[in-house]
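Each chain is listed here by its residues.
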Amino acid sequence: MSSATHWTPKPPRPAPVHTVGVRGWIRTNLFATPSDTLLTLVAMAVLYLTIDTLVHWAYIDATFSGANRDACLKAVQGACWPFVDAKLGQFIYGRYPELERWRVDLVFASGVIGLIPLLIPAAPFKRANVIYLLGFFPVFAFIMLTGGRFGLEPVETTDWGGLLVTLVVAITGIVASLPLGILLALGRRSQMPIVRSLCIGFIEIFRGVPLITVLFMASVMLPLFLPDGVNFDKLMRCLIGVALFSSAYMAEVVRGGLQAIPKGQYEAAAALGLGYWKSMRLIILPQALKLVIPGIVNTFIGLFKDTTLVLIVGLFDLLGIVQFHFTDASWATPETHITGYAFAAFVFWVFCFAMSRYSIFMENRLSTERD
Amino acid sequence: MSRRDVVLQFLMLVLLGLGLSWLVSNVTGNLERQNIASGFGFLNERAGFGISQTLIEYTEDDTYQRVLIIGLLNTLLVSVIGIVLASVLGFVIGVARLSSNWLISKIAMVYIEIFRNVPLLLQIMFWYFGVLRNLPSPRRAIEIGDSAFLSNRGIVLPGFTMLEGAGWYVAALAISLTAWFVMRRRAHKKFLTTGTPQSYWRVLALGAGTMFAIAYAMAGFPFAADVPALRGFNFRGGVNIIPEFAALLLALSLYTAAFISEIVRSGIVSVGQGQREAAAALGLSNNTTLRLVIIPQAMRVIIPPLTSQYLNLTKNSSLAVAIAYPDIVSVFAGTTLTQIGQAVEIIFITMMVYLSLSLLTSWAMNSYNKRIALVGQNA
Amino acid sequence: MSDPIIEIKQMNKWFGNFHVLRDINLTVEQGEKTVICGPSGSGKSTLIRCINRLEQHQEGSIRVEGVVLDDSSKGLEEIRSNVGMVFQQFNLFPHLTVLENCVLAPIWVSKMAKAEAEELARKYLERVRIPDQADKYPGQLSGGQQQRVAIARTLCMNPRVVLFDEPTSALDPEMIKEVLDVMVELAHDGMTMLCVTHEMGFARKVADRVIFMDEGEIVEENNPQDFFSNPQNDRTKLFLSQVLQH
Ligand SMILES: Nc1ncnc2c1ncn2[C@@H]1O[C@H](COP(=O)(O)OP(=O)(O)O)[C@@H](O)[C@H]1O
Ligand SMILES: [Mg+2]
């Protein structure tokens, strides 16, 4: 065989300047073709107008301090922020007595303390954490918020309001709907025809009707179903309605996870001699729930937004209380409504956006774990 | 099924039966005590209240049954128009999200993140109480091009009324549209057999022109403009869009569009890059690729979640009650319930209406889905 | 002698700052069968994808049948319809039957009548030996059958040259042969072919020329005889020793 010459690769050259760096990026991402250029220019104009209007309204033309509507009644009017400032206590606690608000703060704080480590996948003691959050916290919150025990002043739920009600409804809904949803999902896949049809009926009925009809049912119809003299408060009735409603949606999410588990896993669990509940609890559910964490979080987001509907049946959640305070004549300005809605929208947005980012984070994490 | 399972299910049934009969006895007891009638007889009673938007004739002397139908029609009206608007907007934003133009894609993203993360009810109330009810009174209404007006009483647009002989024009329009459909079908068939694209526009324009010319010869111009004008405190004439409808429609469409755009985006993304490349390598143009390769495949992924968005929009239209748009929940489960007090029957009927709409739609979609499902193991 | 079908001169391409193709010069004459080989990541796919402009180059020139490929997209569709391409992953359209896959481009690009296009498609399906699968969907076929449908689909456009990008790499061994047989036949019929493959048997049998690429460069090109028995430089030798071992 003849001898071969030695080959050395050509050194790479830098790319032509107009194709890389900031210039290349702008060219390929904004001005790639004439129609692209046109689109970019139009978009820039629209963007400029929008941002300009927003900045004027929220900042340049806005009023930042004042004791009543007079401060906000100017020639050029923007947001009336002192309205939010003056009502902030109401927006957060409703008519919860001012002297007792520390109890609400304490409950908020103990909830956050339990939640944060749970959300961080790397944090230890998940089991204890869950027990704290699902076992201790609800009891603690109930006692603290309602009072009447341990020397705490009792506070009627009719005095609760604002963000407090929003969070109570959302969290109860979340905590109740997950186990209920799991049971319904298992029931829907059960071998027992009666159990299966009952679960299917429940799920399809609740998914087929709007939440507001369920809330009407809970607030007007439920009292009719109870024996004479027995009654419980409106907040409780709404909580039941919301929990049942979202458990039907949760059931469908969980069912998706159960279906995605290969048949081999069920067979392997059975082969180990595990009974139905044991194999579900130890083998199937842990895998299935992990698969559908994004779907579960999305259901939570929907539930969180849906809590606003309780205002229609007369509870004062955050949106309800903001709406209620529009009737305050001392703050009646043309901008009060929009300011109030902007504030409420921002609060809801922060919660929902944070949840959706968390679900994306988990989704990415799970997909990297899988491969 | 094991013996234990049978026993278990039997027990369940028994419990369920006992529970139900307990509830029924409670209900009948409570109703008697509160002197509330039962049964559906109330549907034939006189309603006695007015409704701000009615698609079919209605007076206060009509029955609750009529109220139910009016409410249902209003629900369907806002839902159908909302679905159309949300789909168009959602498709545009979904495609924009995938644009190679960075700015366009980011604007679409910001839209999606804002609108889907704020409660719909808040958005409805914002548009209604914050924007539309905040507009000036009719006397100082905002004019749009002389004959349309925007005020806190809604939007009034100029309309026209048909006079005697307008039927000729309706017929001309119907014939032209039919001709258009037929010709389009024919042209496509002919294109497939000969391979040359068929142009039928000239013939169609000529034919339609003739039709309308005949209508003109027979009936002249049998239309009268119906321009709204201020009379006292409000506008008379023209087509009036009540602010409740406008706010609800706007909020429903903008909110649902954010969800639809995400569905559209993931549908398009699900069609692999390889499909695009294969089509390009065959010489197919961008448009043809989109129409014959990308969209048919994306639709399979898009349709199931899209259907559930349509159902959501329909169910969400029940939030109308918060701004008193006269939908079924508002006029039936709201006003009627307050007047009659028969909560069980009224809520039952309302739920059944929504349930039937949902089941009907799911059934239709399931059968459609089966028809377009991909064949084969690795599809 | 007629114009070369493909003429690439001093062509350079970057992905961002990564210099993926370096000073490529390549001419493919009518009827010529060229095999391109080289280690993974050497730029083989990118090179042939530049030829029908699925990728865009930044420097140098590419001419296909005398037409320069550049930013103006005029005539691009026509060039692409004259340059067939067969992908590693087949890329059949899963929502269309085998026959519909084949007639799509003839009808919509060549403006052929449907009946005529179907006749043509059946002819080529017969040539790739799957005439009886015409009404099935791609998902119902084996990998080897799918790749043969992909070849038939390309042939239906009567391309002047066909580019193959590792057409057998995604196939099980027993299916490789059925695809290679079809390709050999195609070569014997006089089709101009530019083929990225590591099937050295195929290269020996039909190639007029073998090109070896590494680091975005054409390292060596030669007739198959000399290429395999007498590689000119050490990089090629190393590569061949690795490929031919198996
Ligand atoms: N779209 C792309 N963007 C960035 N880098 C790419 C892209 N496509 C390919 N590359 C890189 O270019 C090099 C050559 O790729 P390719 O032409 O596919 O190699 P081959 O086909 O020879 O295996 C590889 O290093 C690959 O990672
Ligand atoms: Mg490759």
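Residues numbered from 1 in each chain as written. Chains lettered and ligands numbered in written order. Predicted model: local features only at pLDDT ≥ 70, side-chain atom pairs only at ≥ 80, totals over all residues. Heavy atoms only, no water.

Next up on the list: the overall build of chain B. In terms of regular secondary structure, chain B is built from eleven helices and eight strands. Relative to a compact globule of 379 residues, whose C-alpha radius of gyration would be 21 Å, chain B shows 27 Å and is clearly more extended. Here the C-alpha coordinates of chain B stretch approximately 80 × 75 × 45 Å along the principal axes. When burial is assessed residue by residue, chain B has 43% of its 379 residues classed as buried. For chain B, the proportion of contacts with a sequence separation of at least 24, taken over those separated by at least 6, is 67%. In the structure as shown, chain B presents an accessible area of about 19,700 Å², 65% of it carried by carbon and sulfur atoms. Charged side chains in chain B number 27 positive and 17 negative. The centres of these two groups are separated by 15 Å. (Helix = DSSP H or I, 4+ residues; strand = E, 2+ residues; numbered from the N terminus. Rg over C-alpha atoms; globule rule 2.2 N^0.38 Å. Buried < 20%, exposed > 50% of the residue type's maximum accessible area, 1.4 Å probe, protein only. Contact = heavy atoms within 4.5 Å. Areas by Shrake-Rupley, 256 points an atom, 1.4 Å probe, with all protein chains shown as cover. Lys, Arg positive; Asp, Glu negative; His and termini not counted. Charge placed at Lys NZ, Arg CZ, Asp CG, Glu CD.)

Right, let's talk about the domain arrangement of chain B for a bit. Considered domain by domain, chain B is made up of domain 1 (63-158 + 227-378) and domain 2 (168-219). Inter-centroid distance (C-alpha atoms) of domain 1 of chain B to domain 2 of chain B is 32 Å. (Domains from an automatic or database assignment.)

Now for the interface of chain A and chain B. Across the boundary between the two partners, chain A contributes 55 residues, which contact 52 residues of chain B. Regarding the contact of chain A and chain B, the summed buried area is about 4,700 Å², with carbon and sulfur atoms giving 75% of it. Of all residues in chain A, A:Leu224, A:Phe225 and A:Lys305 give up the largest surface area on contact with chain B, accounting jointly for 14% of the area buried on that side. Where chain A touches chain B, the interface holds one salt bridge. Put simply, chain A and chain B have 15 residue pairs in polar contact (both at pLDDT 80 or more) between them. Mapped onto the side of chain A that touches chain B, the elements with two or more residues apiece are helix H1 (21-29), helix H2 (34-60), helix H7 (193-208), helix H8 (211-225), helix H12 (293-306), helix H13 (318-325) and helix H14 (336-370) of chain A. If one sorts the elements of the side of chain A that touches chain B by residue count, H14(A) sits on top with eleven residues. Taken together, the residues of the side of chain A that touches chain B sort by class into 40 nonpolar, nine polar and six charged. (Buried area = accessible area lost by both parts, 1.4 Å probe. Salt bridge = Lys/Arg side-chain N within 4 Å of Asp/Glu carboxyl O. Polar contact = N/O pair within 3.5 Å; in protein donor to acceptor, adjacent residues only side chain to side chain. Nonpolar A, V, L, I, M, F, W, Y, C, P; charged D, E, K, R; others polar.)

Our focus in this paragraph is the interface of chain B and chain C. Opposite the 32 residues of chain B that make contact, chain C presents 32 residues. Counting the surface lost from both chain B and chain C, the interface buries some 2,600 Å², and carbon and sulfur atoms represent 65% of this. Counting every contact that joins chain B to chain C gives one salt bridge. Residue B:Glu277 pairs with C:Arg49 through a salt bridge whose shortest N-O separation is 2.7 Å. At the junction of chain B and chain C, the tally comes to five residue pairs in polar contact (both at pLDDT 80 or more). Only helix H5 (166-194), helix H8 (273-281) and helix H9 (286-316) of chain B provide two or more residues apiece to the side of chain B that touches chain C. The biggest single contributor to the side of chain B that touches chain C is H9(B), with eight residues.

Residue and element names in this part refer to chain C. If you check the shell around ligand 1, you find Phe15, Phe18, Val20, Pro39, Ser40, Gly41, Ser42, Gly43, Lys44, Ser45 and Thr46 and nothing else. Between ligand 1 and Ser45 there is a distance of 2.6 Å, counted from an oxygen atom to a side-chain nitrogen or oxygen. Contact with the protein chains hides 58% of the accessible area of ligand 1, taken as 560 Å² for the molecule alone. If you list the elements that add at least two residues to the shell around ligand 1, you get strand E2 (18-28) and helix H1 (44-51). The greatest single-element share of the shell around ligand 1, amounting to three residues, is contributed by H1. (Near = heavy atom within 4 Å.)

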